[in-house]
Each structure stands twice: as structure tokens, then as C-alpha cells.
Amino acid sequence: MSWFYLIVAGLMEVCFTFCLGKTKTATDMVQYLWWGGFLSSLALSMFLMAKASRTIPLGTVYPVWTGIGAVGAVAVGIIFFNEPASFWRIFFIITLILSIVGLKML
């Protein structure tokens, strides 16, 4: 169950990154809603990460959490915010994913 918590925590990190990106273009009340989504996602992400760290070593929890967040943030940037998808960006994201899988296997 701890790995499930950790994966959801990483996905919530992607969610708060997306919400943060949307606050840059939102105005008025909509901006407050995006900020609310950011804060809610952040709180849930931290809570689930702390819950996962009860049984998974912190040296594994934190890199996996940040790795999921980093890969997700790059994907969100490419898909929703028109960021470039250059060869080297994709190459290093794949390298990061392989590193996360390696940590899980150990």
C-alpha cells in the first residue's frame, strides 16, 4: 500500500505543478481556484509522501516522489504549456525514469 501512496503523492506533485502553471494566465476568481488546487494538491502530496515513508526508506521515497514529479512536470509542460520536446529533454527524462525503476528494484 505504501507504494500506492507514493505513486499518488508523485501524481499530486504533477497536479500542483499544473495548477501553478495555470495561475500564470488566469485572472480574478479563476486564479484563486487554481491557487486552491495548488495548495490542496501540495498538502495531499506531502501527506501521502509522509505516509509512504513509514515503511519505505526515505532515501527511496524522496527520489521516487521527485522523479515522478519531474517526469510529470516535463510532460505537462510539453502537452499543456507548449514547451519544447527536444531530443535531449526526452533522452534525460528516459534516463530519469530508468533511474527510478532501478531504485524500486533495489
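Residues numbered from 1 in each chain as written. Predicted model: local features only at pLDDT ≥ 70, side-chain atom pairs only at ≥ 80, totals over all residues. Heavy atoms only, no water.

## Re the overall build of the protein
Next, step 1: Within the protein, the regular secondary structure consists of four helices and zero strands.
Next, step 2: For the protein, the sequential pattern of α-helices and β-strands runs α-α-α-α.
Next, step 3: The principal-axis extent of the C-alpha atoms belonging to the protein is close to 45 × 35 × 15 Å.
Next, step 4: Split into buried and exposed, the 106 residues of the protein put 32% on the buried side.
Next, step 5: Carbon and sulfur atoms provide 74% of the accessible area of the protein, an area that totals close to 6,700 Å². (Helix = DSSP H or I, 4+ residues; strand = E, 2+ residues; numbered from the N terminus. Buried < 20%, exposed > 50% of the residue type's maximum accessible area, 1.4 Å probe, protein only. Areas by Shrake-Rupley, 256 points an atom, 1.4 Å probe, with all protein chains shown as cover.)

## Concerning unusual backbone geometry
Next, step 1: If you check the backbone angles, Asp-28 has positive phi at about 50 degrees while not being a glycine.
Next, step 2: As for its position among the elements, Asp-28 is in helix H2 (residues 28-52).
Next, step 3: The phi angle at Asn-82 is positive, at roughly 55 degrees, despite the residue not being glycine.
Next, step 4: By the secondary structure assignment, Asn-82 is in the loop between helix H3 (58-80) and helix H4 (87-105).

## Some points on the side chain of Ser-2
Next, step 1: The topology assignment puts Ser-2 in helix H1 (residues 2-23).
Next, step 2: Within the local environment of Ser-2, its side chain forms a polar contact with the side chain of Thr-55, the two groups lying 2.4 Å apart.
Next, step 3: Apart from the residues within four sequence positions on either side, Ser-2 is in contact with Ala-52, Thr-55 and Ile-56. (Polar contact = N/O pair within 3.5 Å; in protein donor to acceptor, adjacent residues only side chain to side chain. Contact = heavy atoms within 4.5 Å.)

## Re the environment of Val-61
Next, step 1: Residue placement: Val-61 occurs in helix H3.
Next, step 2: Not counting residues up to four positions away in its chain, the partners in contact with Val-61 are Leu-6, Met-49, Ala-52, Ser-53 and Ile-56.

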